[in-house]
Amino acid sequence: MSIKASELRRGMVVNHKEPKSRMPPLILQPETCMLLLTVAALSSFALGQTTQQNSDVASLVQSLNSKDWQVRREAANSLRKMGVKAAAAIPALAERGAKDKDINVRSAAILALIDVGRGHPKQVVPVLIVALNDDFSGIRVDAVEALRKIGPAAKDAVPELIRMMDAPSHGASIPHFAGALDKIGVDVPTLVGLMDGKAEWAGKYAVEAMAKLGNKAVPDLVKIIKSGSPIGQARAATAIGRIGPAAKDAIPALAGALSSPEASVREAAVRAIGQMGPPAKETTKQLLKLLKSDKSDNVRAAAAKALGAIAPAQVQVISALTARLSDKDLFVRIAAADALGRFGADAKSAVPALVRALKDENWSIRAHAFEALGKIGKEAKAALPEMLKVIRTPFPYKEYGFTAIEAYYLSAEEAAARATAKARWNAVKALGKIAPDSKEVFAAVLKAADSSDLDVKSAALETLADFGKMARDEAAAVLFRALKDKGEYTDISCAVLETLKKIGTSDPATIRLILKMPPEGVVGVGVMKKLGPEDKALIPDLMAALKSVGRHVPEAAIAGLAAIGTPAIPELIKAFNEGDRTVADYAAEAISGMGAGAKPAIPELVKALGNKDRWKAAYAASAIRNIGPHAKEALPALFEMIRERKPGRTGAIGVIGALKPEARTTVPLLVGIAKDTQEDAKVRSSAIVSLAWMGTDAKEALPALRELIKDEKLGRYASVAVSRIEGKKDE
């Protein structure tokens, strides 16, 4: 009887004794109950006592030889709980894990070996290698995981792990095997052999492993390209491509592989060259030849993509790619369109051919042609009529919403619908790039932003941002409706917010709506940052949101108030003084984000350093530090507070160093406080922190700070300060 993975309960398969026989109903005999109770007692005693440890392990080992499978399993479980203290049981566990007839016992023994056998790989690894071929897949999976945990000491298992990757029923996933091999480590000669071998998954693993080695693997990969089998050459080229520009020394070898009689080798070499980028531009002529005349569709498509990545915008390159827009193969046409798009305005000569591609019978090429024209920009105005036609003509297609995995199983009708949706999206997005100053085009996009067609609507809402001031002045109502219709963070609201981040808005209704979006307006932070002093009429709405403390920090309100700046300070100071700690924290954060605009708030923040509420004092100190040099006007007041030991003195000492470069005049004062053993340790540490904030401006404090490193309480503060003043990272 076969056992399903779901039946395994981490070392226990209920009501199963043998993989090939049926287990009778579980009925415990009296003697079995006594044995199980004895094993459990031994486990508990062994965990709590050490003097009887050896005898307890011996008793549990004896139980491993019981005729009853339940007793053997519980003995293994008990030894596992003891961990490395039960190392003497490794041989017995190894025998049970390799040879026991019951899968429950084998599984429990293998799991026990993982914990008991730590530090004893020579005894454990051979058993795990045997377990890799166990009849039960759960045990095989556990063995792979155990070998991964052992790491380099499990190198003897590498050959079997590699063999198992291509076994028809190994139980574990390929990434599982790859993870184990990565942790154990596979030497380069072995990887080279795998790359040139016939095993599919082991060969793919070798490609990834060689790529991870980076430039160190290039010499061996070049050798394979020059003298390996076709499959080895293709894999070596793939690995070089994964390494990227760091493997530029391999470009000559890749160039040589472009003339290989094997299409798979040529394709892999072309793809690798494309991944090299501009350093591989010396291969441009060879790629052009392949693009024009190679018999393989895949090679021509790869050549088009590579030219877009490596070649300069030469006339012959643009011309060759333009010619491929009429290639018989769909993917070559798509690759050519994409490559032309990468050249931007330099590919303007290809516009007529791309416009013709907009009428291709396949919607996929139309989608890529629209995208390429959008990247070419204003030079592609000839495409505007076709683009406007797309968004003005309703297209009733079914919306499927499949996942990426399910997409592999789409019907022809469904795939066409997806391609159509993408094409229409790209058409709308291209309009703003080609004609950002056209009122006619803007009107068409604005109308599309109110469409019931969600694909066109979403694209149009984002495209409005390309029209800048025109959209800010005339699109507010449309954007508000789109946001209100959904009332939550969806594709539509996301498109609206992306546009508003770029063009901004002062519409109170829109601002209020954003502040209420979950979680409490956080998604609208970018929009709020576009506000300015001229938007002071929005302060009441932002303050209301600031005080509506919920589960999340109202970050959008904080960002909006900080962006408005000085006009918001009176309300923020009032909120800081009269609100609870949370509101005070938010108000201080908004003020600290104003930079120079926060100057009017400095006196109140300095005063707050002496607040009886220590949290408000801390928030004020944090705000002054964040404002930094812009708060330099506070220096006299802070200096006086320190000298005269006024309330808030400790806070003043802690922040004064952030007001650099003017704060450098206080270095002697701070050094004196730091060295004064009569001062409280908290006050002395605050002085050291301030010196750290000054950085290189506090160099004269270094001798004193180096002495303070020896101080038991202040040493760590002094060490960090020395590192910062010397321009190093914190140690």
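Residues numbered from 1 in each chain as written. Predicted model: local features only at pLDDT ≥ 70, side-chain atom pairs only at ≥ 80, totals over all residues. Heavy atoms only, no water.

Novice: Just checking my understanding: could you explain the overall build of the protein chain for this structure?
Specialist: Helix and strand content of the protein chain: 42 helices and zero strands. For the protein chain, buried positions account for 52% of its 731 residues. Counting contacts in the protein chain only where the partners sit at least 6 residues apart, residues at least 24 apart contribute 66% of the total. For the protein chain, the exposed surface amounts to about 35000 Å²; the carbon and sulfur share of it is 53%. (Helix = DSSP H or I, 4+ residues; strand = E, 2+ residues; numbered from the N terminus. Buried < 20%, exposed > 50% of the residue type's maximum accessible area, 1.4 Å probe, protein only. Contact = heavy atoms within 4.5 Å. Areas by Shrake-Rupley, 256 points an atom, 1.4 Å probe, with all protein chains shown as cover.)

Novice: Is there a simple way to think about the nonpolar core in this case?
Specialist: The nonpolar side chains of a soluble globular protein tend to be buried with one another. Leu93, Leu161, Leu354, Leu461, Leu464 and Leu572 are the most contacted members of the largest nonpolar core, which has 254 residues in total. For Leu464, the residues in contact, after removing those within four places along its chain, are Phe442, Val445, Leu446, Ala449, Ala471, Ala475, Leu479 and Thr499. (Core = buried A, V, L, I, M, F, W, Y, C linked by side-chain atoms within 4.5 Å.)

Novice: Sorry, what's going on with the side chain of Gln233 here?
Specialist: Tracing the backbone through its elements, the reader meets Gln233 in helix H13 (residues 230–243). In contact with Gln233, not counting residues within four places along its chain, are Ile224, Ile225, Lys226, Gly228 and Val265.

Novice: Sorry if this is basic, but what is going on with the packing of helix H9 (residues 174–184) against helix H11 (residues 200–213) here?
Specialist: Helix packing for two helices is described by the angle between their axes and how far apart those axes are. Packing of H9 against H11 brings their axes to within 11 Å, and their N-to-C directions diverge by 45°. Between H9 and H11, the angle falls in the class oblique. The two elements H9 and H11 cross, and the hand of that crossing is right-handed. Here H9 contributes Ile174, Ala178, Leu181 and Asp182 to the contact with H11, which in turn contributes Trp201, Tyr205 and Lys212. Looking at the contact of H9 with H11, its residues break down into five nonpolar, no polar and two charged. (Axes fitted to C-alpha atoms, helices over the stretch in contact; angles between N-to-C directions. Parallel < 35°, antiparallel > 145°, perpendicular 65-115°, else oblique. Left-handed = near helix turned anticlockwise from the far one by under 90°. Nonpolar A, V, L, I, M, F, W, Y, C, P; charged D, E, K, R; others polar.)

Novice: Is there a simple way to explain helix H40 (residues 681–694) in this structure?
Specialist: In an α-helix, one full turn covers 3.6 residues, which means residues spaced three or four apart are oriented alike. In a regular helix each residue adds 1.5 Å, so 14 residues correspond to 20 Å; H40 covers 20 Å between its end C-alpha atoms and thus fits that length. Within the sequence span of H40, burial applies to Val683, Arg684, Ser685, Ser686, Ala687, Ile688, Ser690, Leu691, Ala692 and Met694. Two to three positions downstream of the cap, the backbone nitrogen of Lys682 sits 2.8 Å from a side-chain oxygen, assigning the N-cap of H40 to Asp680. (Expected span 1.5 Å × (residues − 1). Polar contact = N/O pair within 3.5 Å; in protein donor to acceptor, adjacent residues only side chain to side chain.)

Novice: Would you mind going over unusual backbone geometry with me for this structure?
Specialist: Across the chain, the bulk of peptide bonds are trans and the bulk of non-glycine residues have phi less than zero. The peptide bond linking Lys660 to Pro661 adopts the cis configuration, its omega dihedral lying at 5°. Looking at where Pro661 falls in the secondary structure, it is placed in the loop between helix H38 (649–655) and helix H39 (667–675). The residue Arg645 is not glycine, and still its phi comes out positive at about 55°. By the element assignment, Arg645 lies in the loop between helix H37 (635–643) and H38.

Novice: Honestly, helix H24 (residues 439–448) in this entry has me stumped. Any pointers?
Specialist: Considered for burial, the residues of H24 that qualify are Val441, Phe442, Ala444, Val445, Leu446 and Ala448. Capping the start of H24, Ser438 holds a side-chain oxygen 3.4 Å from the backbone nitrogen of Glu440, two or three residues further along.

Novice: Help me out: how do you make sense of the confidence of the model for the protein chain in this one?
Specialist: The predicted coordinates should not be examined in detail at positions where pLDDT is low. When the pLDDT values of the protein chain are averaged, the result is 85; 86% of them are 70 or greater. Contacts for the low-pLDDT stretch residues 33–42, under 50 throughout, to residues beyond four places or in other chains number 16 contacts. A low-confidence stretch, residues 397–408 (pLDDT under 50), is modelled with 15 contacts involving residues beyond four sequence positions or located in other chains. (pLDDT = per-residue confidence, 0-100.)

Novice: I tried to follow the environment of Ala237 on my own but got confused; where do I start?
Specialist: Among the secondary structure elements, Ala237 is positioned in helix H13. Linking Ala237 and Ala269, residues 32 residues apart in sequence, is a C-alpha distance of 5.3 Å. For Ala237, the residues in contact, after removing those within four places along its chain, are Ile225, Leu254, Ala268, Ala269 and Ala272.

Novice: Help me understand the packing of aromatic side chains in this model?
Specialist: What describes a pair of aromatic rings is the distance from one ring centre to the other and the angle between the planes of the rings. Under the definition given, this model contains one aromatic pair. In this arrangement the basic side chain of Lys204 is found over the ring face of Trp201, its NZ or CZ atom lying 4.4 Å from the centre. (Phe/Tyr/Trp six-rings, centres within 6.5 Å; stacked < 30°, edge-to-face > 60°. Lys NZ or Arg CZ within 6 Å of the ring centre and 35° of its normal.)

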